[in-house]
Amino acid sequence: MKDNIWSAYSSEQLKELDLINEKYKRCLDAGKTERECVELSVSMAKEAGYRDMEDVLASGQPLKAGDKVYAVNMKKMLALFCIGEEPISSGMNILGAHIDSPRIDVKQNPLYENEGLAYLDTHYYGGIKKYQWVAQPLALHGVIVKKDGSVKKVSIGEDEHDPVFVITDLLVHLAQEQMEKKASKVIEGEKLDLLIGNCPLDSVLDEISGAKNSNSAPKEAGEAEKKEKKEAVKANVLRLLKEKYDMAEEDFTSAELEIVPAGKARDCGLDRSMVLSYGQDDRVCAFTSLFAMLDVTKARKTGCCLLVDKEEIGSVGATGMHSRFFENTVAELIALTEGESDLKVRRALARSRMLSSDVSAAYDPMYAEAFEKRSSAFLANGLTFNKFTGSRGKSGSNDANAEYIAALRKALDDENVAYQFAELGRVDLGGGGTIAYIMANYGMEVIDSGVAVLNMHAPYEVTSKADVYEAVKGYRTFLKM
Ligand code: MN
Ligand code: MN
């Protein structure tokens, strides 16, 4: 381990550290899906004086230094801009992070009943160890969109009076064969179905018992009766969904429902030095970037905070980093400030600098064999930089330029921000990707940075409050560069 930064803090800094982490935990609780993160971030941005770019465009008014705008893409991706004193075509300082996290999604035709138990069929999202998601309280978040376009928000399992859901595991007494399986096969994808009910619908039961008591019941009712009885638990689930969300079974096809661990972010450790929570990859970078973005109101360069979706599945789709949303938004901004110019859009992108922020693997002494200690990130050692990511010969990596790194070192040192350089795990063991290489395609300077995490991609991940604090400090410093 290098220098644990806790001992360096003044009481004043500890106070600020605490305030930031309390706010961070509240954000984690309010933002458990990408949609929820966008909604929360927009409301915080509005409070800080940001205006919707659609409104700015409609007003026909140009933008000037100090103006603050945001643009939302399909409710799942967000870009915030604080216009700097220099023209945008001279480049921006961009903070990027992703707001999607590994989870389990509900399929489009999910509801079924099996032996009196009602389930939702699922397909997991992102890289998970499937066996970590069983036998623990789960919540259901998302939206149901009806044919008339109305959107019903769903959040079940977070309030202490709410019910929760569970994915069952085999009891250990009968698990002799299961325990012999490889970890990747212990729980298979199709066994991750969510248990959501066991109580049959009364009316179905009444009908059945009524039919039984009546002597005139026709003989062929037997089969129908069995089927109805078999589906009575599902029928009851449908009744409850109808009551609460006015939805029919077909409405699942136009729903986005995500299964996440139920409950709030918690302090971790007797010394309360860490945060234990779902979704810290990559919301620890997203929220700290957002905090810094909302704090810095005046800068030479235009500041940008970009929060994207779909990183965990390859940054694909209209709301992932590969989409043209960001480029299009920058084109609108150029038009609103310097006048429409394709060349200036290209210049703005090529002359920008970016911190592509994503979590880094923290050195875990329990799994020391997976790390190379001298190139590892440690908890409570400050903001982590990865010069390169990728795997097996840096394949797929954005390799940040030495000149850019030197400029960052200078800026961070001048502001007393703690930082460390690291690589994700041992060479040839694996690796991970981020959005850095996509932004680098514009020819801008990009480096991977972020917060070190223990237990990455587990239902509950661990971060250091000191690193959360240093991230905010580092991002503020970067925006002022
Ligand atoms: Mn990530
Ligand atoms: Mn990830």
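Residues numbered from 1 in each chain as written. Chains lettered and ligands numbered in written order. Predicted model: local features only at pLDDT ≥ 70, side-chain atom pairs only at ≥ 80, totals over all residues. Heavy atoms only, no water.

Participant: How would you explain the overall build of the chain if you had to name every residue and give the values?
Facilitator: When its secondary structure is counted, the chain shows 13 helices and 20 strands. Taken against the 2.2 N^0.38 rule, which gives 23 Å for 481 residues, the C-alpha radius of gyration of the chain at 25 Å falls within 12% of a compact globule. Overall, the chain is about 90 × 60 × 45 Å in size when its C-alpha atoms are taken along their principal axes. Partitioning the contacts of the chain with sequence separation of at least 6, the portion at a separation of at least 24 is 78%. Of the roughly 22,800 Å² of accessible surface on the chain, a fraction of 51% belongs to carbon and sulfur atoms. (Helix = DSSP H or I, 4+ residues; strand = E, 2+ residues; numbered from the N terminus. Rg over C-alpha atoms; globule rule 2.2 N^0.38 Å. Contact = heavy atoms within 4.5 Å. Areas by Shrake-Rupley, 256 points an atom, 1.4 Å probe, with all protein chains shown as cover.)

Participant: Give me the side chain of Lys 465: which residues, what numbers.
Facilitator: Secondary-structure assignment places Lys 465 in helix 13 (residues 465-479). In this structure the side chain of Lys 465 is engaged in a polar contact, spanning 2.9 Å, whose partner is the side chain of Asp 267. A polar contact is formed between the side chain of Lys 465 and the backbone oxygen of Arg 272, at a distance of 3.0 Å. Not counting chain neighbours up to four residues away, the residues in contact with Lys 465 comprise Trp 6, Leu 17, Asp 18, Asn 21, Asp 267, Arg 272, Ser 273, Met 274 and Val 275. (Polar contact = N/O pair within 3.5 Å; in protein donor to acceptor, adjacent residues only side chain to side chain.)

Participant: Describe the coordination of the manganese ion (ligand 1), naming the residues involved and giving the relevant values.
Facilitator: Looking at the metal site, the manganese ion (ligand 1) is ligated by His 98 (NE2), Asp 281 (OD), Asp 358 (OD) and Asp 358 (OD), spaced 2.1 to 2.5 Å from it. One chain supplies every donor for the manganese ion (ligand 1), spaced along it as H-x182-D-x76-D. (Donors = N, O, S within 2.8 Å, 3.2 Å for Na, K, Ca; no water.)

Participant: Describe the sheet that holds strand 4 (residues 92-98), and please don't skip the residues or the numbers.
Facilitator: Spatial strand order, 1-2-3-13-4-14-18-16-17: 9 strands in an open sheet with mixed pairing. Across the chains shown, the open sheet's two edge strands, defined by having one partner strand only, are strand 1 (51-52) and strand 17 (419-421). Two elements, strand 2 (residues 68-73) and strand 3 (residues 77-82), share 6 bridges in a ladder whose sense is antiparallel. Its bridge partner lying in strand 3, Val 69 is registered against Phe 81. On the sheet, helix 9 (residues 325-337) packs against strand 2, strand 3, strand 4 and strand 13 (302-308) and is oriented at approximately 30° with respect to strand 3. (Pairing = 2+ DSSP bridges. Axes fitted to C-alpha atoms, helices over the stretch in contact; angles between N-to-C directions.)

Participant: Could you give an account of the environment of Ser 356, naming the residues involved and the relevant values?
Facilitator: Position of Ser 356 among the secondary structure elements: in strand 14 (residues 353-357). Separated by 125 residues in sequence, Ser 356 and Met 481 place their C-alpha atoms 16 Å apart. In this view, Ser 356 contacts Gly 96, Thr 434, Ile 435, Ala 436, Val 446, Ile 447, Asp 448 and Ser 449; residues no more than four positions away in its chain are not counted.

Participant: Break down the nonpolar core for me, citing the residues and quoting the values.
Facilitator: Grouped together as the largest cluster of nonpolar side chains are 61 residues, with contacts concentrated most on Leu 80, Phe 287 and Leu 355. Examining the composition of this core, we find that 9 residues originate from one element, helix 8 (residues 280-295), more than from any other. Counting residues in hydrophobic clusters, the runner-up holds 32 residues, among them Val 308, Val 345, Met 439 and Val 446. (Core = buried A, V, L, I, M, F, W, Y, C linked by side-chain atoms within 4.5 Å. Buried < 20%, exposed > 50% of the residue type's maximum accessible area, 1.4 Å probe, protein only.)

Participant: How would you sum up the coordination of the manganese ion (ligand 2)? Please name residues and give values.
Facilitator: Protein coordination at the manganese ion (ligand 2): the donors are Asp 281 (OD), Glu 312 (OE), Glu 312 (OE) and His 457 (NE2), at 2.1 to 2.5 Å from the metal. Expressed as a motif, the donor residue spacing for the manganese ion (ligand 2) is D-x30-E-x144-H. Taken as an interatomic distance, the gap from the manganese ion (ligand 2) to the manganese ion (ligand 1) is 3.2 Å; Asp 281 donates to each of them. Linking Glu 312 in the loop between strand 13 and helix 9 with His 457 in the loop between strand 19 (452-453) and strand 20 (461-464), this pair joins segments that are 145 residues apart in sequence. Just as Glu 312 is buried, His 457 falls in that class too.

Participant: Describe a nonpolar patch on the surface, and please don't skip the residues or the numbers.
Facilitator: A cluster of nonpolar residues, Leu 170, Leu 171 and Leu 174, forms a patch on the protein surface that exposes about 290 Å² of accessible area. Tracing the backbone shows Leu 170 in the loop between strand 8 (151-156) and helix 4 (183-186). Overall, Leu 170 belongs to the partly exposed group, its relative accessible area being 41%. (Patch = residues over 30% accessible without salt bridge, like charges linked within 9 Å, V, L, I, M, F, W, Y side chains within 5 Å. Salt bridge = Lys/Arg side-chain N within 4 Å of Asp/Glu carboxyl O.)

Participant: Any details on the pattern of salt bridges? Residues and values, ideally.
Facilitator: Opposite charge on two side chains makes pairing possible when the charged atoms of those side chains draw close. Throughout the structure, instances matching the rule amount to 34 salt bridges. A salt bridge links Glu 85 to Lys 298; its shortest N-O distance comes to 3.4 Å. Within this pair, whereas Glu 85 is found in the loop between strand 3 and strand 4, its partner Lys 298 is found in the loop between helix 8 and strand 13, the two being separated by 213 residues in sequence. Between Lys 310 and Asp 309 there is a salt bridge, with its nearest N and O atoms 2.9 Å apart. Across the pair, Asp 309 and Lys 310 agree in class, each one buried.

Participant: Give a detailed account of the environment of Leu 171, specifying residues and quantitative values.
Facilitator: Among the structural elements, Leu 171 can be located in the loop between strand 8 and helix 4. Classification of Leu 171 by relative accessible area gives partly exposed; the value is 42%. Spatially, the C-alpha atoms of Leu 171 and Asn 416 are 53 Å apart, while their sequence positions differ by 245 residues.

Participant: How would you summarise the sheet that holds strand 11 (residues 266-268) if you had to cite specific residues and measurements?
Facilitator: Remark on secondary structure: sheet strands pair via backbone hydrogen bonds, oriented parallel or antiparallel. Here 3 strands make up an open sheet; going across it, the order is 11-12-20 and the pairing antiparallel. A single partner strand is all that each edge strand has here, and the edge strands are strand 11 and strand 20. Adjacent strand axes in the sheet meet at a mean angle of 35° when their direction is disregarded. The sheet strands contacting helix 1 (residues 11-30) are strand 11, strand 12 (274-277) and strand 20, and the helix crosses strand 12 at an angle near 5°. Here helix 8 sits on the sheet in contact with strand 12 and strand 20, set at roughly 30° to strand 20.

Participant: Could you give an account of the packing of helix 1 against helix 8, naming the residues involved and the relevant values?
Facilitator: Direction vectors running N to C along helix 1 and helix 8 enclose 125°, while the axes themselves pass 10 Å from each other. Taken together, the axes of helix 1 and helix 8 are oblique relative to one another. Taken as a pair, helix 1 and helix 8 cross one another with a handedness that is right-handed. In contact with Ile 20, Lys 23, Tyr 24, Cys 27 and Leu 28 of helix 1, helix 8 contributes Gln 280, Arg 283, Val 284, Phe 287 and Phe 291. Of the residues in the contact of helix 1 with helix 8, the class split is 7 nonpolar, 1 polar and 2 charged. (Parallel < 35°, antiparallel > 145°, perpendicular 65-115°, else oblique. Left-handed = near helix turned anticlockwise from the far one by under 90°. Nonpolar A, V, L, I, M, F, W, Y, C, P; charged D, E, K, R; others polar.)

Participant: Tell me about the state of the cysteines, and please be specific about residues and values.
Facilitator: A covalent bond bridging the sulfur atoms of two cysteines is what the word disulfide describes. Across all of its chains, the model carries 0 disulfides by this definition. Note on Cys 82: no disulfide assigned, nearest cysteine sulfur contributed by Cys 304 at a separation of 11 Å. Of all cysteine sulfurs, the one in Cys 285 lies closest to Cys 268, which takes part in no disulfide; the gap is 18 Å. (Disulfide = S-S within 2.5 Å.)

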